[in-house]
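Survey of secondary and tertiary structure
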Amino acid sequence: MTKSISELEEIARKCRVEIVKMVHRAQAGHPGGSLSEIDLLAALYATRLRVRPDEPKWGDRDRFILSKGHASPGMYSILAEMGFISHEDLKSYRVLGGVCQGHVDMKWCPGVDFSAGSLGMGLSFGMGCATAARLDQSDRRAFVMIGDGEMQEGSVWEAAMAAAHHELGNLKVILDRNRIQNDDFCEAQMRMFDIPAKWRAFGWNVKEINGHDMTEIMEGLDFLEAPENCNGPSILIAHTIKGAGISYMENNPSFHGAAPNDEQFHQAMIELGEVEV
Amino acid sequence: MTRMAATRDGYGQALLDLGGNEKVVVLEADLGKSTKSLHFRKAYPNRTISCGIGEQNMLLVGAGMAASGYIPFASTFAIFTERAFEQMRNGVARPNLAVHLCGSHGGTHTGTDGSSAQSIEDLAIFRTLPNVVVMHPCDDVSTRVLTMQLPALGKPSYMRTARNKTPVLYDGREDEIKIGKGIVLKQGSDVAIIACGVLVSESLKAAEALESEGIHATVVDMHTLKPIDGELIDNVATQCGALVTAEDHNVIGGLGSAVAEHIVANTYAPLEMVGVPDRFGESGQADEMLEVMKISAKYIALAAKKAISRK
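Parameters at a glance
Residues numbered from 1 in each chain as written. Chains lettered and ligands numbered in written order. Predicted model: local features only at pLDDT ≥ 70, side-chain atom pairs only at ≥ 80, totals over all residues. Helix = DSSP H or I, 4+ residues; strand = E, 2+ residues; numbered from the N terminus. Rg over C-alpha atoms; globule rule 2.2 N^0.38 Å. Buried ≥ 20, exposed ≤ 12 C-beta atoms within 10 Å, placed from the backbone. Contact = placed C-beta atoms within 7 Å. Expected span 1.5 Å × (residues − 1). Domains from an automatic or database assignment. Nonpolar A, V, L, I, M, F, W, Y, C, P; charged D, E, K, R; others polar. Axes fitted to C-alpha atoms, helices over the stretch in contact; angles between N-to-C directions. Left-handed = near helix turned anticlockwise from the far one by under 90°. Pairing = 2+ DSSP bridges. Right-handed = clockwise from strand over helix to strand, strands pointing away. pLDDT = per-residue confidence, 0-100. Arc of directions from axis to C-beta.

Now for the overall build of chain A. Per the secondary structure count, chain A includes nine helices and five strands. For chain A, the α and β elements follow one another from N to C terminus as α-α-β-α-α-β-α-β-α-α-β-α-β-α. A globule of 277 residues ought to have a C-alpha radius of gyration of about 19 Å, and chain A, at 17 Å, matches this closely. C-alpha atoms of chain A, sized along the principal axes, occupy 55 × 45 × 35 Å.

With that out of the way, let us pick up the overall build of chain B. If you tally the helices and strands in chain B, you get 13 helices and 14 strands. Rg of the C-alpha trace for chain B: 18 Å, near the compact-globule value of 19 Å for 311 residues, within the 12% margin. By principal-axis analysis of the C-alpha atoms, chain B measures approximately 60 × 40 × 35 Å. Buried positions account for 59% of the 311 residues belonging to chain B. Here the analysis covers contacts within chain B between residues at least 6 apart in sequence; of these, 79% occur between residues at least 24 apart.

Residue and element names in this part refer to chain B. The end-to-end C-alpha separation of helix α13 (residues 297–309) is 19 Å, in line with the 18 Å expected for 13 residues at 1.5 Å each. Of all the residues in α13, the buried ones are A297, Y299, I300, A301, A303, A304 and A307. Summarising the contacts, the buried residues of α13 are in contact with β10 (191–195), α9 (199–212), β11 (217–221), β13 (243–250) and β14 (271–276).

On to the domain arrangement of chain B. Residues and elements named next belong to chain B. Splitting chain B by domain gives domain 1 (4–167) and domain 2 (183–309). Summarising the inter-unit geometry, the C-alpha centres of domain 1 and domain 2 are found 25 Å apart. If you look at the interface, domain 1 gives 26 residues, while domain 2 gives 28 residues. Contributing elements (two or more residues each) for the side of domain 1 that touches domain 2: α7 (122–127), β6 (133–135), α8 (140–149) and β8 (166–167). Taken together, the residues that form the side of domain 1 that touches domain 2 break down as 11 nonpolar, 12 polar and three charged.

Of note, the bond from K226 of chain B into P227 of chain B is cis; its omega dihedral lies within 30 degrees of zero at 0°. Within the fold, P227 of chain B resides in the loop between β12 (224–226) and α10 (230–240). At R179 of chain A, a residue that is not glycine, the phi angle is positive and equals roughly 70°. By the secondary structure assignment, R179 of chain A is in the loop between β3 (171–177) and α6 (186–189). Even without a glycine there, the phi angle at H105 of chain B is positive, about 60°. Looking at where H105 of chain B falls in the secondary structure, it is placed in the loop between β5 (100–104) and α7.

Contacts between the two partners involve 23 residues from chain B, matched on the other side by 19 residues from chain A. Those elements giving two or more residues to the side of chain B that touches chain A turn out to be α4 (55–66) and α6 (85–93) of chain B. Looking at the side of chain B that touches chain A, the element that brings in the most residues is α4 of chain B, giving eight residues.

What follows deals with the packing of helix α2 (residues 31–47) of chain A against helix α3 (residues 72–82) of chain A. When two helices pack together, their arrangement is given by the angle between the helix axes and by the axis-to-axis distance. Residue and element names in this part refer to chain A. Closest axis-to-axis distance for the α2/α3 pair is 7 Å, and the angle between their directions is 35°. The crossing of α2 and α3 is right-handed. Contacts between α2 and α3 pair P31, S34, E37, I38, L41, A42 and Y45 from the former with P73, G74, M75, S77, I78 and M82 from the latter.

Residue and element names in this part refer to chain B. Spatially, the five strands line up as an open sheet ordered β9-β11-β10-β13-β14, and their pairing is mixed. Where the open sheet ends on each side, the last strands, each with one partner, are β9 (183–186) and β14. Geometrically, the sheet is characterised by an average inter-axis angle of 25° between neighbouring strands, direction not taken into account. Examined bridge by bridge, β9 and β11 share three bridges and lie antiparallel to one another. The residue of β11 that forms the bridge with K186 is V219. Sheet contacts for α10: β10, β11 and β13; angle to β11, the most-contacted strand, approximately 170°.

All names here are of chain B. If you trace the seven strands from one edge of the open sheet to the other, you get β3-β2-β4-β5-β7-β6-β12, paired in mixed fashion. Pairing within the sheet leaves two strands with one partner each, and these edge strands are β3 (48–50) and β12. Shown here is a sheet whose adjacent strand axes are inclined to one another by a mean of 20°, direction ignored. As judged from the five bridges shared by strand β4 (residues 71–77) and β5, these two strands associate in the parallel manner. Within β5, the position partnered with F73 by the bridge is H100.

As a further point, take the pairing of strand β4 (residues 205–210) of chain A. All names here are of chain A. With six bridges joining them, β4 and strand β5 (residues 234–239) adopt parallel strand pairing. Looking at the pairing, E208 lines up with I237 of β5. Where the polypeptide runs from β4 across helix α8 (residues 214–225) and back to β5, its parallel neighbour, the crossover connection is right-handed.

What follows is about the environment of P72 of chain B. Residues and elements named next belong to chain B. As for its position among the elements, P72 is in strand β4. Its 30 C-beta neighbours within 10 Å are what place P72 among the buried residues. Setting aside residues no more than four positions away along its own chain, P72 makes contact with V25, L27, G62, M65, A66, V99 and H100.

Chain-level statistics for chain B give a pLDDT mean of 97 and a share of 100% at 70 or above. In the predicted assembly, ipTM is 0.96 and pTM is 0.97.

Another point: α10 of chain B. Residue and element names in this part refer to chain B. When we look at burial in α10, the residues that qualify are I233, V236, A237 and C240. Taken around the axis of α10, the buried residues stretch over an arc of 105°, which confines them to a single face. Opposite the packed face of α10, turned more than 90 degrees from it, sit the exposed residues E231 and T238. Those residues of α10 that are buried lie in contact with β10, β11, β13 and α11 (255–265). Following α10 by one or two positions, G241 has its phi on the positive side, about 75°.

All names here are of chain B. The buried count for β10 comes to five of five residues, which makes it a mostly enclosed element. The pairing of β10 with β11 spans five bridges and is parallel. Pairing of V191 across the sheet is with A217, part of β11. Read from β10 through α9 to β11, the crossover connection turns out right-handed. As judged from the four bridges shared by β10 and β13, these two strands associate in the parallel manner. Paired with I194 across the strands is T245, a residue of β13.

Shown next, in the form of structure tokens:
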């Protein structure tokens, strides 16, 4: 699972293209959070997760739970890149009967470990997966990606407290800290103050990185896997940009849950290097 | 002398009996002493997961474990299961993960803690969830037997148990008890009383009183509310021509509603519903609460006569 930084960046670029295509085709969906998370997902899937695309239900696989389940185009794009689903499957996003349901769904899509879409649930589910792994005396891990707005759900903190209490060293969280939620900037909706301090106070190992710098992302994933951080749960706080990679979507709350029009789509393809100017 | 026991004790005993299955795990939210999962905890501490006072997290830890091959039994008070309703809906029922949730201290029969602890809507809300089996057994034996059947169910369930003791009806009759199959406890021809939980024994008392007046009542223990035993409802509706439902639960959405939903589309018979009259409870002894809520044997008998008069 060795990949160079430039190879990872190219995977992420290809995923960005698919993300924009999916939401443009469906004229619905969540591009902003998909684009903020995608560098992290690309590195995680391409270099860390012990999974088998040809055997998605392999019992001893690492689990990956996208708790911010609305940011599904990001996950579908990396699942296609890894071979869990085909690129043709991506056209089923938000289409009746499609494997790519609006929010990631374990009943519909190979490689999806949890049916998310309701915020504040994935960390608890991941804790269950991690607890089961420990009972099985397996070295499989549970990785959970949560959003920053999601941390406003009280249940996240029930899980944070419980995971630390049970010293679940096989539970790894990545926080997509993109600073924007549905209605507006997080700062306007509900200030979260010192996020690293909050997780430390709950008993977690904490590291902050730039979630768009592949070198820092790899260091961050090293941190999550480091034996000295397997004494309890760990969280990687990845500072990201909502809509990263598409100029007019970046830091723009309007593109949390809106699709680009044809003109915007064309511009995005130019910015992603798919279309020559 | 009839043996008296609480259904929650049957649940606790069943968990202990299931402990030999290495896949069975118990999840607690600081009420193991009350729901009776404590016996399992004592015997199998490594397979008991404390979730603290955090029901929402508990349900989804269960979901994660079910998705990893375990058979989780999570319990708390019936009223607090409701706090995790959306977790049960989105994280358990929707992906059809076999998490077994038990809500103890259900109904106004719970008594002196008062209205904050008397869940009167749990059966209704969980009944609305696709994939979820909903049960409310009437004695410790049937609670134990039904709980023992859950590992083979392969889908999620909600079971309400009660805090206080009720008469034991099934000693030596364990083989008759199966999830989804109502049980005829007394055969009559004038009216059929379909009851669940603590009102099953009240219904038997009512039937006895009716008998002294020459009215022959059938009594059914409908321990499983979903899937409801429609075949049995059709049979007793045909035989008796009048129905009564009896439950320690809001008349809206519980057993009465389940029976009504069935008969309007199948075998029709006049139906009188005995249940909590869409109001909250208060502090009182269990038997006093049945009178306050007008759901005791006396009111079941009155309802039976009314149902018969509507034939």
